[in-house]
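Here's the letter readout for the chains.
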Amino acid sequence: MGFFDFMTEDIAIDLGTANTLIIHNDKVVIDCPSIVARDRVSGKIIAVGKEANMMQGKTHENIKTIRPLKDGVIADFDASEKMISMFIKSIPALKKRMFTPALRMVVCIPSGITEVEMRAVKESCERVNGKEVYLIHEPMAAAIGIGIDIMQPKGNMIVDIGGGTTEIAVIALGGIVCDKSVKIAGDVFTNDIVYYMRTQHNLFVGESTAEKIKITIGAAIEELETPPEDMSVQGRDLLTGKPKQVDVSYREIAKALDKSIQRIEDAVMETLSQTPPELAADIYNTGIYLAGGGSMLRGLDKRISQKTDLPVYIAEDPLRAVVRGTGMALKNIPKFRSVLIK
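Reading guide: rules and limits
- Residues numbered from 1 in each chain as written.
- Predicted model: local features only at pLDDT ≥ 70, side-chain atom pairs only at ≥ 80, totals over all residues.
- Heavy atoms only, no water.
- UniProt positions renumbered as here; feature names shortened; annotations may be inferred.
- Helix = DSSP H or I, 4+ residues; strand = E, 2+ residues; numbered from the N terminus.
- Contact = heavy atoms within 4.5 Å.
- Buried < 20%, exposed > 50% of the residue type's maximum accessible area, 1.4 Å probe, protein only.
- Arc of directions from axis to C-beta.
- Domains from an automatic or database assignment.
- Buried area = accessible area lost by both parts, 1.4 Å probe.
- Salt bridge = Lys/Arg side-chain N within 4 Å of Asp/Glu carboxyl O.
- Polar contact = N/O pair within 3.5 Å; in protein donor to acceptor, adjacent residues only side chain to side chain.
- Nonpolar A, V, L, I, M, F, W, Y, C, P; charged D, E, K, R; others polar.
- Axes fitted to C-alpha atoms, helices over the stretch in contact; angles between N-to-C directions.
- Parallel < 35°, antiparallel > 145°, perpendicular 65-115°, else oblique.
- Phe/Tyr/Trp six-rings, centres within 6.5 Å; stacked < 30°, edge-to-face > 60°.
- Lys NZ or Arg CZ within 6 Å of the ring centre and 35° of its normal.

Colleague: Describe the UniProt feature "binding site: ATP" (unreviewed entry) in the protein, with residues and values.
Modeller: In this numbering, the UniProt entry assigns the feature "binding site: ATP" (unreviewed entry) to Thr17, Ala18, Asn19, Gly163, Gly164, Thr165, Glu211, Lys212, Ile213 and Lys214. With respect to the secondary-structure elements, Thr17 resides in the loop between strand S1 (8-15) and strand S2 (19-24). Residues contacting Thr17, with those up to four places away along its chain left out, are Ser34, Arg67, Leu69, Lys70, Asp71, Gly72, Gly163, Gly164 and Asp187. Locating Ile213 in the fold gives a position in helix H8 (residues 207-217). Residue classification places Ile213 among the buried residues on the basis of a relative accessible area of 0%.

What follows is the structure in structure tokens.
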């Protein structure tokens, strides 16, 4: 085993719909968009991550950009496997190695995932030389990453708003007591903005632009204490066909996202209503923790707080909370044995 240990590298992966993050030696070494660009003629992958992301919406017929993960699960098996392997190969510390080392991995998966989808993730990892592959549920990883002691007999509620899914879970004694996974998250917000711009401003914008709008001026409520500046958005005018620019305020984006946010609120309320009374008592004291990129939407914490009458906290560096937790589980596999799925 000693020699094998020397040959093995530990990595933790948060395989997200929007971003893939990898931790190696306690450092986030990869933080890239989950997107690949494929040459249609040769079938080769020509770019991955940030490079492929810049191509999105700007390709000709010989290049296709693919997002291999949809709703948090693998939609394109081949592309996802190539993407994972290219990310792993680009880890600086592993580049120096003459051959790919055996890997011990912990990968996180959405809580509402089926057996088949779970196996797809596992097989993808085994194909890139993963000798020991453990899976961990996303809300669990988020809780560990936020710094909650999940083994305590205390209830904690996590809402993890990612790119493809929103995971809501009540966690106690190192397990998920009740959970809900809804397919309304960052991607849906982006599409809402595209739709709003098209219907309200007759402006056709691409996904990348809509994503920029969301990050720059996105909001969940129409009254913010420190509102962001209006943003100039360029796109194609649907009436004249000419490129044009309009100014958009955060209030408009709050209107555009209202319906989707309502559905996330409803899911939170439903999860609360299924929580056993003892844990509900704990949650009254501890409040709700938000993680994932979606939690950075301005005023979302306030809005959920008003709806639930509970204090709502945003994890520090919410985009990396899940991968941090996955990394902690990796470092202490015996302690988190009950949480990991072999």
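Colleague: Go over H8 with me, naming the residues and quoting the values.
Modeller: Within H8, burial applies to Ala210, Ile213, Lys214 and Ile217. Here the buried residues of H8 occupy an arc of 110° about the axis, which is enough to place them on one side. Of the residues in H8, the exposed ones pointing more than 90 degrees away from the buried face are Lys212 and Ile215.

Colleague: Any details on the domain arrangement of the protein? Residues and values, ideally.
Modeller: Looking at the assigned domains, one finds that the protein contains domain 1 (150-184 + 261-319) and domain 2 (186-256). Placing a centre on the C-alpha atoms of domain 1 and another on those of domain 2 gives a separation of 27 Å. Contact with domain 1, which involves 14 residues of that partner, is made by 16 residues of domain 2. When domain 1 packs against domain 2, the two sides together hide about 1200 Å² of surface, and 61% of this comes from carbon and sulfur. For the pair domain 1 and domain 2, the interface holds 1 salt bridge. A salt bridge links Lys302 to Glu225; the shortest N-O distance between them is 3.6 Å. Our count for the domain 1 to domain 2 interface comes out at 8 residue pairs in polar contact (both at pLDDT 80 or more). Elements with a minimum of two residues in the side of domain 1 that touches domain 2: helix H9 (250-274) and helix H11 (300-308). It is H11 that provides the largest number of residues to the side of domain 1 that touches domain 2, a total of 3 residues. Of the residues contributing to the side of domain 1 that touches domain 2, the split by class is 6 nonpolar, 4 polar and 4 charged.

Colleague: Tell me about the packing of helix H7 (residues 186-201) against H8, residues and numbers included.
Modeller: Relative to each other, H7 and H8 sit at 105°, their axes nearing to 9 Å. In terms of orientation, H7 and H8 fall into the roughly perpendicular class. In contact with Gly186, Phe189, Thr190, Asn191, Ile193, Val194 and Met197 of H7, H8 contributes Glu207, Ala210, Glu211, Ile213 and Lys214. Looking at the contact of H7 with H8 residue by residue, the classes come out as 6 nonpolar, 3 polar and 3 charged.

Colleague: Pulling in residues and values, what's your account of the packing of aromatic side chains?
Modeller: Evaluated as defined, the whole model comprises 1 aromatic pair. Summarising the aromatic geometry, the rings of Tyr289 and Tyr313 are spaced 5.6 Å apart at their centres and angled 35° between planes, so their arrangement reads as tilted. Remark: Tyr313 occurs in strand S18 (residues 312-314) and Tyr289 occurs in strand S17 (residues 288-291); sequence separation between them is 24 residues. On the basis of relative accessible area, Tyr289 is assigned to the buried category, the value being 18%. In this arrangement the basic side chain of Lys342 is found over the ring face of Tyr134, its NZ or CZ atom lying 4.7 Å from the centre.

Colleague: Could you give me a rundown of the pattern of salt bridges, with the residues and numbers involved?
Modeller: In the structure shown here, the tally under the stated rule is 15 salt bridges. Among the ionic pairs, Arg251 bridges to Glu223, the shortest N-O distance being 3.2 Å. Of the two residues, Arg251 is situated in helix H9 and Glu223 in the loop between H8 and strand S15 (231-237); the sequence distance between them amounts to 28 residues. On the accessibility criterion, Arg251 (35% relative accessible area) is partly exposed. Via salt bridges that share partners, Asp10, Arg104 and Glu132 belong to a single interconnected network.

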